[in-house]
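# Results of the structural survey
One-letter residues, chain by chain:
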2 protein chains.
Amino acid sequence: MDQGMIKGVQGFRFATRPAGIRKAGRTDLALIFSEVPALCAGVFTTNKVVAAPVTLTAPRIRRGECQAILVNSGNANACTGEPGLQNARRCGDLAARALGIDPELVAVSSTGVIGAPLPMDRFEEHVPLLAADLAADGAMAVAEAIMTTDSFPKVSAAQGEAGGRPYTILGVAKGAGMIHPNMATMLAFVLTDAAVEPALLDQALRQGVDLSFNSITVDRDTSTNDMVLVLANGLAANPVICRGTPEGEAFAAELNAILLDLAKMIVRDGEGATKLVEIRVRGAVSYGEARQAACSVATSNLVKTAFFGEDANWGRIIAAVGYSGAEVDPEKIDILFGDVQVVRNGLTTGKELEERATAILKTPEFTVTVDLHLGDGAASYYTSDLTYDYVKINAAYRT
Amino acid sequence: MDQGMIKGVQGFRFATRPAGIRKAGRTDLALIFSEVPALCAGVFTTNKVVAAPVTLTAPRIRRGECQAILVNSGNANACTGEPGLQNARRCGDLAARALGIDPELVAVSSTGVIGAPLPMDRFEEHVPLLAADLAADGAMAVAEAIMTTDSFPKVSAAQGEAGGRPYTILGVAKGAGMIHPNMATMLAFVLTDAAVEPALLDQALRQGVDLSFNSITVDRDTSTNDMVLVLANGLAANPVICRGTPEGEAFAAELNAILLDLAKMIVRDGEGATKLVEIRVRGAVSYGEARQAACSVATSNLVKTAFFGEDANWGRIIAAVGYSGAEVDPEKIDILFGDVQVVRNGLTTGKELEERATAILKTPEFTVTVDLHLGDGAASYYTSDLTYDYVKINAAYRT
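Residues numbered from 1 in each chain as written. Chains lettered and ligands numbered in written order. Predicted model: local features only at pLDDT ≥ 70, side-chain atom pairs only at ≥ 80, totals over all residues. Heavy atoms only, no water.

### Some thoughts on the overall build of chain A
As a reminder, the rule being used: Each helix is a run of H or I in the DSSP string that is no shorter than four residues. Each strand is a run of E no shorter than two, and both are numbered from the N terminus. Here the globule rule is a power law, 2.2 Å times the number of residues to the power 0.38, and the radius of gyration is based on C-alpha atoms. Exposed residues in this analysis have more than 50% of their type's maximum accessible area, buried residues have under 20%, and partly exposed residues fall in between, with area computed by a 1.4 Å probe over protein chains only. Residue contacts follow a heavy-atom distance rule, with two residues in contact if any of their heavy atoms lie within 4.5 Å. The charge count includes Lys and Arg as positive and Asp and Glu as negative, but it does not include His or the ends of the chains. Charge placement uses NZ in Lys and CZ in Arg. For Asp and Glu, CG and CD serve respectively.
When helices and strands are counted, chain A shows 11 helices and 15 strands. For chain A, whose C-alpha radius of gyration is 22 Å, the value lies close to the compact-globule estimate of 21 Å for 399 residues. Overall, the C-alpha framework of chain A stretches about 70 × 55 × 35 Å when taken along its three principal axes. Within chain A, the fraction of its 399 residues that count as buried is 63%. By sequence separation, contacts in chain A at least 24 residues apart represent 80% of the contacts at least 6 residues apart. Placing the 35 positive and 46 negative side-chain charges of chain A at their respective mean positions leaves the two points 5 Å apart.

### Brief notes about the packing of helix H2 (residues 81-99) of chain B against helix H3 (residues 120-132) of chain B
Think of two packed helices as two axes; the pair is described by the angle between the axes and how far apart they sit. All names here are of chain B. Going by this rule: Lines fitted to C-alpha atoms define the axes here, with helix axes fitted over just the stretch in contact, and angles between the N-to-C directions of these axes take values from 0 to 180 degrees. Here roughly perpendicular refers to angles of 65 to 115 degrees, roughly parallel to angles under 35, roughly antiparallel to angles over 145, and oblique to all remaining angles. The sense of a crossing depends on the near helix, which, turned anticlockwise from the far helix by less than a right angle, makes the crossing left-handed and, turned clockwise, makes it right-handed. Amino acid classes used here: Ala, Val, Leu, Ile, Met, Phe, Trp, Tyr, Cys and Pro are nonpolar; Asp, Glu, Lys and Arg are charged; the rest, including Gly, are polar.
Close contact between H2 and H3 brings their axes to 8 Å; oriented N to C, the two are set at 25°. Relative to H3, H2 is oriented roughly parallel. For the pair H2 and H3, the sense of crossing is right-handed. The segment H2 lies against H3, with Asn-87, Arg-90, Cys-91, Leu-94, Ala-95, Ala-98 and Leu-99 engaging Met-120, Phe-123, Glu-124, Val-127, Pro-128 and Ala-131. Of the residues that constitute the contact of H2 with H3, the class distribution is 10 nonpolar, one polar and two charged.

### Thoughts on the packing of aromatic side chains
Heads up, the rule is: Only Phe, Tyr and Trp rings are paired, with Trp represented by its six-membered ring, and only when their centres lie within 6.5 Å; those with planes under 30 degrees apart are stacked, over 60 edge-to-face, the remainder tilted. For a Lys NZ or an Arg CZ to count as sitting over a ring, it must be within 6 Å of the ring centre and within 35 degrees of the ring normal.
Per the counting criterion, the structure on display carries seven aromatic pairs over all chains. Both rings, one in Tyr167(B) and one in Phe251(B), keep their centres 5.8 Å apart while their planes meet at 55°; by these two values the pair is tilted. With Tyr167(B) in strand S6 (residues 165-174) and Phe251(B) in helix H6 (residues 246-268), this residue pair connects regions lying 84 residues apart in the sequence. The same class applies to Tyr167(B) and to Phe251(B), which are both buried. One residue, Lys154(A), lies across the ring of Phe152(A), its end atom 4.4 Å from the ring centre.

### What about the packing of helix H5 (residues 198-211) of chain B against H6(B)?
All names here are of chain B. Orientation of H5 relative to H6, taken along the N-to-C sense of each, is 40°, at an axis distance of 9 Å. Relative to H6, the element H5 lies oblique. Pair H5 / H6 crosses with right-handed handedness. Between H5 and H6, the contacting residues are Leu-200, Leu-201, Ala-204, Leu-205, Gln-207, Gly-208, Val-209 and Leu-211 on the first element and Gly-248, Phe-251, Ala-252, Leu-255, Asn-256, Leu-259 and Leu-260 on the second. Of the residues contributing to the contact of H5 with H6, the split by class is 11 nonpolar, four polar and no charged.

### Details of the pairing of strand S11 (residues 334-337) of chain B
Residues and elements named next belong to chain B. Worth spelling out the cut-off: We call two strands paired when DSSP finds no fewer than two bridges between them.
Side-chain alternation along S11 places Asp-334 and Leu-336 on one buried face and Ile-335 and Phe-337 on a second face that is also buried. Both S11 and strand S14 (residues 365-371) contribute to a ladder of four bridges, which runs antiparallel. Bridging from a neighbouring strand, Phe-337 pairs with Val-368 of S14. By the bridge criterion, three bridges tie S11 to strand S12 (residues 340-344) in an arrangement that is antiparallel. The partner of Ile-335 across the bridge, within S12, is Val-343. Counting the residues in the hairpin turn of S11 and S12 gives two residues, including Gly-338, whose phi is positive at 60°.

### What about the sheet that holds strand S10 (residues 276-284) of chain A?
Residues and elements named next belong to chain A. Judged by pairing direction, the sheet is mixed, and its seven strands sit side by side in the order S8-S15-S10-S14-S11-S12-S13 without closing on themselves. Lying at the two open borders of the sheet, with one neighbouring strand each, are strand S8 (216-217) and strand S13 (347-348). In this fold helix H9 (residues 314-322) packs onto strand S11 (334-337), strand S12 (340-344), S13 and strand S14 (365-371), with an angle of close to 130° to the strand it touches most, S11.

### Some details on the domain arrangement of chain A
By a widespread convention, an interface's size corresponds to the accessible area lost as its parts come together. All names here are of chain A. The condition is simple: Per the annotation, domain bounds derive from an automatic or database assignment of domains. Note: buried area is the sum, over both parts, of the accessible area (probe 1.4 Å) each one loses when the two are combined. Salt bridge, as used here, is a side-chain nitrogen of Lys or Arg placed within 4 Å of a carboxyl oxygen of Asp or Glu. Pairs of N or O atoms are called polar contacts if they sit within 3.5 Å, as long as, within protein, a hydrogen donor faces a hydrogen acceptor (for residues adjacent in sequence, only side-chain-to-side-chain pairs).
Domain boundaries in chain A define domain 1 (3-268) and domain 2 (276-394). A C-alpha centroid distance of 33 Å is found between domain 1 and domain 2. With 16 residues of domain 1 in contact, the opposing surface of domain 2 contributes 17 residues. Of the roughly 1400 Å² buried between domain 1 and domain 2 on both sides combined, carbon and sulfur atoms contribute 50%. At the boundary of domain 1 with domain 2, the tally comes to one salt bridge. Note that Glu-365 is salt-bridged to Arg-268, the shortest N-O span being 2.6 Å. Between domain 1 and domain 2 we count seven residue pairs in polar contact (both at pLDDT 80 or more) in total. Elements with a minimum of two residues in the side of domain 1 that touches domain 2: helix H5 (198-211), S8 and helix H6 (246-268).

### Observations concerning unusual backbone geometry
Its identity as a non-glycine residue notwithstanding, Cys79(B) has a phi of 55°, on the positive side. Inspection of the secondary structure puts Cys79(B) in the loop between strand S3 (65-75) and H2.

### Side note on helix H10 (residues 351-361) of chain B
All names here are of chain B. Heads up, the condition is: Taking the helix axis as origin, the arc is that swept by the directions to the C-beta atoms.
Turning to H10, its buried residues number three or more, namely Glu-354, Ala-357, Thr-358, Ile-360 and Leu-361. All buried residues of H10 lie within an arc of 155° about the axis, which places them on one face of the element. Exposed residues lying more than 90 degrees from the buried face of H10 are Glu-352 and Glu-355. Residues of H10 that are buried in the fold lie against helix H8 (301-308), helix H9 (314-322), S11, S12, strand S13 (347-348) and S14.

### Comments concerning the sheet that holds strand S10 (residues 276-284) of chain B
Residue and element names in this part refer to chain B. Ordered in space as S8-S15-S10-S14-S11-S12-S13, the seven strands form an open sheet in which the pairing is mixed. Unpaired on one side and paired on the other, strand S8 (216-217) and S13 mark the two borders of the sheet. Bridge count between S10 and S14: seven bridges; the pairing is parallel. In the strand pairing of S14, Glu-278 is matched with Thr-367.

### Notes on the pattern of salt bridges
Scanning the model with the defined rule gives 33 salt bridges over all chains in all. A salt bridge links Glu310(B) to Lys362(B); the shortest N-O distance between them is 3.6 Å. Here Lys362(B) lies in the loop between H10 and S14 and Glu310(B) lies in the loop between H8 and H9, a separation of 52 residues in the sequence. Salt bridges linked by common partners bring Arg60(A), Arg63(A) and Glu104(A) together as one network.

### Focus on the nonpolar core
Short version of the rule: Definition of nonpolar core: a set of buried residues of the types Ala, Val, Leu, Ile, Met, Phe, Trp, Tyr and Cys, connected through side-chain atoms within 4.5 Å.
Ranked by size, the top nonpolar core spans 41 residues in total, and within it Ile279(B), Phe307(B), Ile333(B), Ile335(B), Phe337(B), Val368(B) and Val370(B) carry the most contacts. Of all hydrophobic cores here, the second largest spans 40 residues; its members include Ala294(A), Ile335(A), Cys79(B) and Ile114(B).

### Topic: the environment of Arg316(A)
Residues and elements named next belong to chain A. Within the element layout of this structure, Arg-316 appears in helix H9. Classification of Arg-316 as buried rests on a relative accessible area of 0%. Along the backbone, Arg-316 and Lys-264 are 52 residues apart, and their C-alpha atoms lie at a distance of 23 Å.

### A short note on the state of the cysteines
Selection rule: For the purposes of this analysis, a disulfide is any pair of cysteine sulfur atoms at a distance within 2.5 Å.
Counted under the stated rule, the structure contains zero disulfides over all chains. In this model Cys79(A) remains outside any disulfide bridge; the closest cysteine sulfur is found in Cys91(A), 17 Å from its own. Cysteine Cys295(A) shares no disulfide, and the gap to the nearest cysteine sulfur, in Cys295(B), comes to 14 Å.

Structure below.
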């Protein structure tokens, strides 16, 4: 999986522009185009306050075909009412006309401030120019154009093989928490030239998102604009990859790995974050309860500030497990930082091991394992530390 | 309700000592004693990891009678296994022997670090001395002895009348978040000389806690040691106050007011907090959903950092309402800061009102109202802002 070698995906082309939506001189508008209509699947925000581009795009994706994605940063087009929806539709229409395709094949996506109308003149002017600029090697530029408070562009890619034909999967993502001044978003677009069965694509995306984007936390806020799309245009000309085959499993594993790679980049780039911590819960009575316990630890402000403080504070971890709602027997709980066990059967293993654990907390990436010793349920959550800079970034009016 | 006048409650006596459990020279051990066994009710942590004093005390309180409360700061006696439970019992026995009462009438309560054994020699030495020091006017000293990261002692009191006889209710509390190095706790003890029906006392406590201590948030962490006890010794010699009577309602209202007063003090004293904000949700389809939406807004790190930033950021509030799980129609949502409406029917009311709202955010205490316009459900949650100092206090090893 040498990503450095992968610059694009067969049949996909990219363009970006500084359109003046976010701030002058910075790329903020991007177009992804597939030469042929691609099979697609999508996962969208579960927030009941849904931004216009999600309202427009979700039913289009559900129809199963997509050929272009138009995405802007700088304005979320959320809480903008019926005019906002008309604007989203107009953006899609502009892209469709410039590309000469059916508007129903265009996905529209936005990230940025809530409650402000889209500057439509910027779109009218720049979308046609994007279509004229499409190039095969522009994926990194797209990742840059969709950044908001992100500090680095997020791209991950892999190659696979099906029926003797190589194929590529490439994903771009953005996200670093919800953001000043009003909000933000997690967006990810994954592109592949593999030919895959629709049911496989959909299932692999849902499982992959569950284990990646739905298992990370910077703050606990779910944006109005979250969107993960996967497009498969089939131009690798491999025999169609189906569910329940070794090739189907390999494809799903590769897609999962890319989604998890992108998701970890988002945590690593979390607002103010200095640590990436995997919270691994095992021995729960079920997968669901393992997730519940892992989520409770991963989202605890006290646990996250202790990570920032490089403090092997297992008391806060055991408390967060205790109030997670998962079934626990306090006298069976083990806790490890890396491979150093600080709690056995709910009791401290002593000062010496706690000091060894502190050395692990000083590293930028580590794992906390909580073993409940009740069953086979296991799950991981990825979290960042809670720092001065998180407060600074999000209290921007004061700082 | 001139609290300044109320120094004690008939028949209750108090003592405190610097016992060397927390740090040298600071009071950290307190005893509350009623001359006669008091009717009691209690609410305890819902954390599944329960500290030894809670395990010991909860069944004693459920029996309905209590005559003494022994409480220490500096050590939570949590995650200490069977020896911890034996130590808690020994503490209660020491108090019972010193007071000449049945050990089953003693409640034991602890707050402080998790996972360390209680220094029993300190209790052996100091509990008998406490019993010899009891005085009627020591409630404030008890509030001081149970402080951990609290910056001020928390006492609230009121007087009522039943059957022409005056009675007093007095409460003390501690709590400012969960705390360095390992934890902490919310504790509250409410004492009254009123004679009340057991069912009224229990019901009034549960309702009051629901509207007060269960409606506040500093961080979202539920400690292993949380405990609220109310003791009613009946020495006011009033006719017993019963449920479903005007006097019963008045008693419950007074108890509620004291619990809410103490709960607000805890938020005001929240770790690093500079603001006390009431999140008032109305127009929800039910009380439960109003609570759910209010809790979601009150616990959002993004909302709390925006409060610190004095930023009228309604986008974060509407997003938190949207992912709360409560039923919402985005096009019906109104949001007000104080009496300034910044959102009507899910849309901004404009820059001018947003600037007026910013002035309200600069005050130390204000209300945010979210009207969902779907039904009659209404509930309030009280929250603090999330500040640099919260991070500093909780990442203490690093700072």
